Every structure is written in C-alpha cells, then in structure tokens.
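Understanding the architecture of this molecule
Here is what each chain is made of, one letter per residue.
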Amino acid sequence: MEIALVVGFPLIGAALLAVIGAQRYAAEVNVAISLATLLAAAALVIRVIRGGAMSAFDEQCFIDPFNVFLVALTALVGFTTSVFSRPYMRIEAAHGHVTTGRLRLYHSMYQLFMTAMLVALTTNNLGFLWVAMEAATLSTVLLVSLYRTRASIEAAWKYFILCGVGIALALFGTILVYVAAEGRLGGNGMTALLWTHLNAVKGQLEPTVIGLAFVFLLVGYGTKVGLAPLHNWLPDAHAEGPTPVSAVLSGLLLNVALYAVLRCKIITDGALHSALPGRMLMGFGLLSTVWATFFLWRQRDIKRLFAYSSIEHMGIMTFAFGMGGPIASFAGLLHMTVHSLTKSAIFFAAGHATQTAGTQRMDGIRGLLAVHPSVGWGLMLGALAILGMPPFGVFASEYLVLTTAMRDHPWATPILLIALAIAFAAIFGRMQPMVFGDTQAPPLPHPPSLLPVFVHLILVLALGIWIPPALAQWYRLAAHLFTE
Amino acid sequence: MTTAVYLWQVGVCLVATGLAPLFAGWVGQCRAMLQNRAAPPVWQPYRMLRKLFHKEATLATDASWLFRSAPYVVFAVMVLAAAIIPSLTTQLPVARVADAIALVGLFATARVFMALAAMDIGTAFGTLGARREMMMGFLTEPALLMVLFNAFLMAGTTALPAIVQSTLTPSHAMLHPSLAFAAVAFVMVLLAENARLPIDNPSTHLELTMIHEAMVLEYSARHLALMEWASWLKLFNYACIGFTLFMPWGIATQSVSVGGMAFALLALVAKLLVAGSALALFETTSAKLRLFRAPEFLTMAFLLAVLGLLVHLLLEG
Amino acid sequence: MPAPTFATQVLQTLAGALLLIAFAMLAERRSRRLVTLLIWQGAVLVTSTLLVAVTAHLSHLFFSAMLTLVLKVGVLPWILLRLMHRLGIERDNEPLVNVPTLMLVGLGAVIFAFGLAQPITALATTVIRQTLGIALAVILLALLMILARRKAFTQVIGFLALENGLFFAATTTTYGMPMVVELGIALDVLVGVFIFGVFFFHIREQFDSLDLHHLESLKED
C-alpha cells in the first residue's frame, strides 16, 4: 500500500502538472506533491522499521534494508529540491531563461523522473528496473535541454545517445540473466526475473552466462553512474541543465544507477564464486576517481566542477562496494547517503550563486558573502563537507573506505589519498575567491531559498556524528547482502 | 575410363563454347527489353563472331608475339575452365584433376595474359585498362576464394564435383545461412570480374571508366572475336560456378548417360535463362559506381564471404 | 550434433539476414534507404518471432510479434519518414569516409561477438541459443554505426537497429521477455523516438542543420 502511494503520488503529480504546470501556483503544487511522496515514504519507512522487509503486488515490488533508505533519501531530496526549485525557477523566469510553457514541461517531467526513480528502487523485477532506468533517462533528457540553447541541446543529445546506448547494453545483460534464470526458475517470466528469486538460487545459475551478463550490466548501468571512461555525458548534462535538475541527477539518479549495478553484482557474486565482479568495480571506481580529480583542475564552470566531483565520489563508492566486506559496504552505503545530501545542497547553493553573478564561470563569481551571505556560507560549508572535512558525514565514510583499503588493498590507498588531496586543492582553492572577495552584483529579484541547503548540511553533519540505529541496522543488513 | 567419357568431355566443352555467346545474347536482349529499347536477336553474338572472323586482322606495327598469342591463350584457358566446372555432370575426367583453387589460378592466368597484351602495344588506354584490371583482380580473387572456402568448409573438399555431390545428398539438404552470405558475395564478384555494371559498363567505351574494353581496344578481326568469345565464356563459366555452388539441381551425378545429360542440359538452360534475366534486371536497376568506389564494393564482397565463414562456424559448426 | 529441424534452419537463415542487413546499414549513405533497411530488419524480426511462436507454441510471442509488426514495421518507420519529409532530408547523402575500414572493423566486431557468445552457445540447451552470437553482432554493428555517423538522423536509425538486435536476442534465446516487460520496453522505444523527433527540430532550430559537427563545442576545458 505504502509502495503504491510512494510511486503513485509523483505519477499522479506528473499527469496533473502536465495540465496545470503553466499556472502561477504550479511550483507550489510541485512542492505539495513531493511532500506527499515524502510522507508516503516516511510511512513506508515506519512500516519497514516495524515489520522488516516486505514485498507487494505479487512480489513485483519489494522493500529490503538495501533500498528502503534509498527510497527515503530519494523522496527527501526530491522534496527539498522542489522547495529549492520554486524560487530558483521563478528567478530563471524573471531573467527570461524559461517560458511558462517550458515550466509546465519542467514540472511534469520532474515528477515523472521521480516516479521512474522510485519504481527503479522498489521493483523486484530486473526487467522493470531496466524500463524504469530508461524512463528516467527519457524524462531527464528534455529537462537537460530546457533552456534550448546550443550548449544545452548538445549536452542533452550527448546524454541521450550515450545513456541510450549504455542502457541498451544493460538490456542485453538483463536478457542474458533471463537466459540463465530460465533454466533454473522455469520459463514463467514473471518470476524468473524477480531479484528475490534469483538471489535465492544464485549459486546454481550458469556462471558463464551470468558473468557475461554482468559485464553488460556493469557497462550499461555504469554509464549512468558516470563511471570513467563512460562519463562524458555527465559534466555536460549537469552544467547545461537547470540547477534543480543537476541536483537530482547528481544526488539521486547516479545513486539509483549504482543501486542497479549493485543488485546485479550481488547475484553475480553468488553465481561466480569469485572476486572478479568486485575487482571490476574496484577498477572502474579507482579509474573514475583518479580521472575525475585530474579533470577537476581544468574546470572553469562551477557546475562542471561539481559534476566532476560527483564522478569522483561515485568512483569512491564503486571502489568501496568493489572491495566488499561488511565495513567497506557499510561505508559505501553511508557515502551514497551523505554524498547525495551534500552534493544536492552544493548545487542549490551554486545555482543561486550563478544567478547572482549571472554566469557559471567561476572567475565571474565573486564576493557571495557580500551579496547573499547565506548562499556564500552554504557553498563554503557544502564544499568543506564534500571535501571530507570532519565532522561531516563524508569524512566518516571516506575514513572507513580508506582504512579498509589500507587493510585489504594497501596498493590502492596512496592512489585514493592523492586523488582526494588533489580534489581538495582544486575545489577549495576555487571556493575562496568566490565566497569572499568584492563584487558589484545586484541581489536576486526573489529571495533565494537556502533552507534545503542547510537542512541537508545539518543532516550530513548529524550523520557524521551519530547514525540513527535503524539506519545503521539497515546499512549492516544491506552490507550483509554483499558479503553472504 | 572409356573413350566415351572423353567424348562426353569434349562435348561438354563444345556445349559451353556454343552456349556462351547465346547466354551473352540473352542478357543483352533482356537488358534491351527492360530499357524499352528494340532488342537485338539473341544470336547477335554469333553474327558478330562470323563478321569478325571474316575480316582481315590488323596489327599494330610494334605488336609482339605476346599480343598475337594472347587471344588464343585466353580463349583456351576459358575452354579449359569450362571443362573443369561440372556444369552438366560430375563424372567427367578433367574436373577430377583440377579443383576450384586451380580454377581461380586459371582465371588469373587469363587475366595476366590479357593485361600484358594490353600493355604490349604501349597505348595509353591499354595500359590504363590493364592497370585497372589488375587492381580489380587483386580485389576479386580473395573474395572469390573466400566464397569458395564457404563451399569447401561445407563439403569438406576443394573439388567442385564433390561439392555438388555433397550438396545434392538428401541428408545434407538444409538451409545454410552461410551460403546466403556467400551467394551475395559471389554475385558481387561475378559482376566485377565480368566487367558488368556497377563496376564497368560492357556496352560503352567511355575512356574514363572502361576497364575491359580498354584492354581489347587494339584488337581486330579474329583476335577480337576470340577475345570477345573468351569474355562471354568467362561470364558463362562464372554463372556455372554459381550453379555448382548454390543451385546444383539437375546436374547429373550418376554415370554418364544420354538421358541424364539431356536433362542436365535442360536444367542448365533453364538456370541460365533465369540467371541471365536476373543479371539484366540488376544491371538495369543499378547505376555505375565511380571507379574509386569499386574497392569498397569488392571489400564488401570479401567481408560478406568471410561473414559467411563465421556464420558457418557459429551456426552450423 | 544432430541435424537441426527445418524451423531452426529457417531461423538461422533469418538470423543471417539480420546480420546482412546490419552490414548493409553500416555502409549505406542514403537516409531514405536506411529507413527501408530498418523496415526490412523489422520484417525479419516479425517473421522470426512468429516462427518461434509457432514452433514453441507460445501465445504471448504472437502478441509480441504483432507488437513488433505494428511498432517496428509500421509506426516507427512512418514517424521517421514523416520526420524526413518535414525536415526536408529525404535526399540527404551522408559522406562516409573509408567504408572498407569501417567494414573491417565491423568484421572484427562480429568475430568478437561470436567469440563472446561461444561459451554460451557451447552449453546451449536449445539450438536456438546459437543465434545469440548473431544478435550480439547486430548490436555491436549498430553501435559502430552510431559511432561512425555524424548526422543526428542516422544516429537514431543506428539506435533503433540496436534495439532490433536486442529484441532478436530476447525472442530467440529466451522465447521472449515477459509480456509486461516487453510492453514497457516498447513504450520506452516509442517515447524515445518521439523525443528524438522533438530533438531534431530543436537541433535544426539552433544549428540550422542536423549535422552533428556543430555539436562539438562542449569539450573538456
């Protein structure tokens, strides 16, 4: 029931906003729907805390410790982003960047995107997982090109083609999984693609088929995670789309894609009885981290800078899950949570910063503290949080990743440390002049909404100090899935 | 081996030599009809041969023995090739002594003689044509060999009669996707080798594009007649190779008898009629490729043949 | 191995035809003919799906064959042709450089695909699984086509060819995905093509051409 509400609210919202999205109050409706989704997700969480893992709709949907917190996270960030997008899109409209017709598209697609991600998270069927991932791509393509500038159309096209091709490969992987499962679970497709069923018989699945399937799934969904060298779409899409879209892409979509990879990895691990899938994740993760940090140096655009930072952090998570084991998996899950919160907060702040300065180029953004102190502080604190400063939650998860790496794979530790240091220098050096310094920029026509930024940062701070027992328990149980 | 078999062998050669101009005439007639032109009679090639043989041969002043002997060599090679190809029956002696690879070699011999003879006179066109012909040969031969390898793999032998035998064995009767690839590739090779559209236009003398015509430009009378006859025979031979590889139905596989041979001849004529009209149809509907596109065309043929091999290994292995 | 049944032979021949069409697409320069080839590919898919449906007595495959017929032979080509007409690119000719090299790379892709599928084919429980290699080859060739093309329209056709390869893999190796999933996939493809269509107009509005050379301003800086 709660699952139906979680998925249903945004779906109804998408239909509703497709009709009334051009109205003055559409942004408020968007917030209300997101709030309803969040409440439904909260109800779901309470139910799971009371009753444990559950499934619904003839086992087509299921909630276990691994996806419950992601559902909650997605609903939360979806809600805060809608709160942020209300003044942000008003300012954009006031600047003449978007028309009301485009706003209708924006609101409707935003909710559709939320629906797709929530379906992807809650479905038990690997086929539906694919369909939902593709739907998430399709709904965001038009969001990325919302401004219809040359650059945004180019970015959206790149995003569309690259992710379209990637996701097609993932479909091939899904088909191969089905090939392997069919022999074990019978030809009835409604059960042979169910993750819970596959997980139950994973030891008996044909290793060659599953191994090949995993390669395709990893490359396919990995494209959406933004793993190097398939990350080309990511900086462009983040930089050229509206900032709320960048926030949900970075904060949510990448997580959902990684979630898809991990679900597949669990089955592959069971079928292969070898460390190969883990090694592949580690390799891709490390490559993405290092690659992204080197590109961080060369960025001139603030949103591109943080887009590369997202690639770096997805790399760290992928590396953590690749190492496996209870601690590393725990760290990976924690990092998923805190990165999502921090990065969306940063994009909120960066969005208002670019609106204030009228440019996304970092050398044009100066003296935020003087114009909008809250934007300046939000950006500064967000940057510190994402760079892993204690006591923020990112520090905790990165510390766990590093210590595990030092114990199990010592060769990787210096690489990670150097990458983190470079990222620190690159981002921190850029932040200072932007936040401090002088400017003549006029304040924004609408007061910026920095509440989401600080809510996220407080949550990240809290997670760095104290993890709620229920969440910690979920992390532990989910980590157990990776290690059994 | 009785003398009768050798007589049959001679007979087969004669049939091939005799039918070849007719086949060329048939293709010409089909083309004319498809293009809404008044069609020449099918025996037009014979008339041409008769006319040419009655003329007095003119030779360039610095033509060497090579130039004079080339028509005879080329013609003889084509007749020999016709003897090797089991167009009517698999039971004849010459076909047994040479396999399909030797056949490719024979065609290459003819090509070399033609090219040398064309360059012998030292005119610009001759050299041009020879050069182009050698380039085509360089591209078609690998493709042709690959097509043949498809058949070799399937039958497990390089001898054409054995391939026919094996294809006609009822238990082997199945659809071969690989042969479909090979067949398409073979048609492309056939077009290129016989100077047909879209590689070369046999009915024009455009100096910018011609290949075959450029090489025989200096010939006259009986030499020209033999050259033309040889080229018709080549087309006929290629058609027969196609039949042996891809549609061997009707070819006599039992010991030689009048009835079997008559039936085989009937089947051959029927297949030639169909193949000739298909060729004419294809030529009418396709446009001449520019010369620098020809390598692309032939690479495609080569690739298709290789694909056929791969598909055979994957699906039928 | 015992001689495969006649239906399997036909299926293998159809698989071969699919591969042939994929290669033809790789080398085809004219947009109009590419759409024709796409229709042919769809028709081969419908035939093969029907064949599998008849031989395996699977009723849901009939539906998916009908769906393919409507979608891939009917609606999608129609949309594409209309788009071509409205964009005025019916006579477009794409300058492709070095087709032979492209073909050789394609051949390499086929060998790679066959090699990759070999272990699965080796433990095939159904003869049908042997077509997995061909399906993979078709997918890789379509990928290659997307990479090699510089026009938005032809990239989309490559994308649809990719989808066809996937569909072929699904029907012949596993007797089709579950119906609901298949419907979802079909919906995604349809919506995708619509969005592509919208995009063409955006691209042309902004760049006055569908040539993707213009779409190269976003580089790593």
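Basis of the calculations
- Residues numbered from 1 in each chain as written.
- Chains lettered and ligands numbered in written order.
- Predicted model: local features only at pLDDT ≥ 70, side-chain atom pairs only at ≥ 80, totals over all residues.
- Helix = DSSP H or I, 4+ residues; strand = E, 2+ residues; numbered from the N terminus.
- Rg over C-alpha atoms; globule rule 2.2 N^0.38 Å.
- Buried ≥ 20, exposed ≤ 12 C-beta atoms within 10 Å, placed from the backbone.
- Contact = placed C-beta atoms within 7 Å.
- Axes fitted to C-alpha atoms, helices over the stretch in contact; angles between N-to-C directions.
- Parallel < 35°, antiparallel > 145°, perpendicular 65-115°, else oblique.
- Nonpolar A, V, L, I, M, F, W, Y, C, P; charged D, E, K, R; others polar.
- UniProt positions renumbered as here; feature names shortened; annotations may be inferred.

Quick notes on the overall build of chain B
For chain B, the count of helices and strands is twelve helices and zero strands. Counted from the first residue to the last, chain B has its helices and strands arranged as α-α-α-α-α-α-α-α-α-α-α-α. Computed over C-alpha atoms, the radius of gyration of chain B comes to 19 Å, within 12% of the 20 Å expected from 2.2 N^0.38 for 317 residues, which places it in the range of a compact globule. Burial statistics for chain B: of 317 residues in total, 49% are counted as buried. Intrachain contacts of chain B at a sequence separation of at least 6 include 80% that bridge at least 24 residues.

Considerations on the overall build of chain C
Along chain C, the regular secondary structure elements total seven helices and zero strands. In chain C, the order of α-helices and β-strands from amino to carboxyl end is α-α-α-α-α-α-α. Classification of the 221 residues of chain C by burial places 50% in the buried group. Considering only intrachain contacts with a sequence separation of at least 6, the fraction spanning at least 24 residues in chain C is 72%.

Points about the packing of helix 13 (residues 302-323) of chain A against helix 14 (residues 326-357) of chain A
Residues and elements named next belong to chain A. At a minimum axis distance of 9 Å, the contact between helix 13 and helix 14 shows a crossing angle of 175°. The orientation of helix 13 relative to helix 14 falls into the category roughly antiparallel. Here the contact of helix 13 with helix 14 is composed, by residue class, of 14 nonpolar, seven polar and two charged.

Considerations on unusual backbone geometry
Residue and element names in this part refer to chain A. With an omega dihedral of 0°, the bond running from Ala-228 to Pro-229 counts as a cis peptide bond. Mapped onto the fold, Pro-229 is located in the loop between helix 9 (207-225) and helix 10 (233-240). Cis geometry is adopted by the peptide bond preceding Pro-391, which originates at Pro-390 and carries an omega value of 10°. In this model, Arg-148 sits at a positive phi of 55°, which is unusual for a non-glycine residue. Mapped onto the fold, Arg-148 is located in the loop between helix 5 (126-144) and helix 6 (150-185). We note that His-273 has phi near 50°; this positive angle belongs to a residue other than glycine.

A closer look at the UniProt feature "transmembrane region" (unreviewed entry) in chain C
Residue and element names in this part refer to chain C. Following the UniProt record, one finds the feature "transmembrane region" (unreviewed entry) at residues 6-27, 34-55, 61-81, 102-121, 127-147, 159-177 and 183-203. Secondary structure content for residues 6-27 is 100% helix and 0% strand, and the end C-alpha separation is 32 Å. Taken end to end, residues 34-55 has its terminal C-alpha atoms 31 Å apart, with 100% of it in helix and 0% in strand.

Overview of the interface of chain B and chain C
Interfaces are often described in size by the accessible area the parts lose on coming together. With 16 residues of chain B in contact, the opposing surface of chain C contributes 20 residues. Within the residue set of the side of chain B that touches chain C, elements represented by two or more residues are helix 8 (177-193) and helix 12 (294-316) of chain B. Ranked by residues supplied to the side of chain B that touches chain C, first place goes to helix 12 of chain B with eleven residues. Split by residue class, the side of chain B that touches chain C holds 14 nonpolar, one polar and one charged.

Details of the interface of chain C and chain A
Of the residues lining the interface, 37 residues belong to chain C; the matching set on chain A comes to 40 residues. Looking at the side of chain C that touches chain A, the elements with two or more residues in it are helix 4 (99-122), helix 5 (131-148), helix 6 (152-174) and helix 7 (179-207) of chain C. Ranked by residue count, the leading element in the side of chain C that touches chain A is helix 7 of chain C, at twelve residues. Of the residues that constitute the side of chain C that touches chain A, the class distribution is 24 nonpolar, nine polar and four charged.

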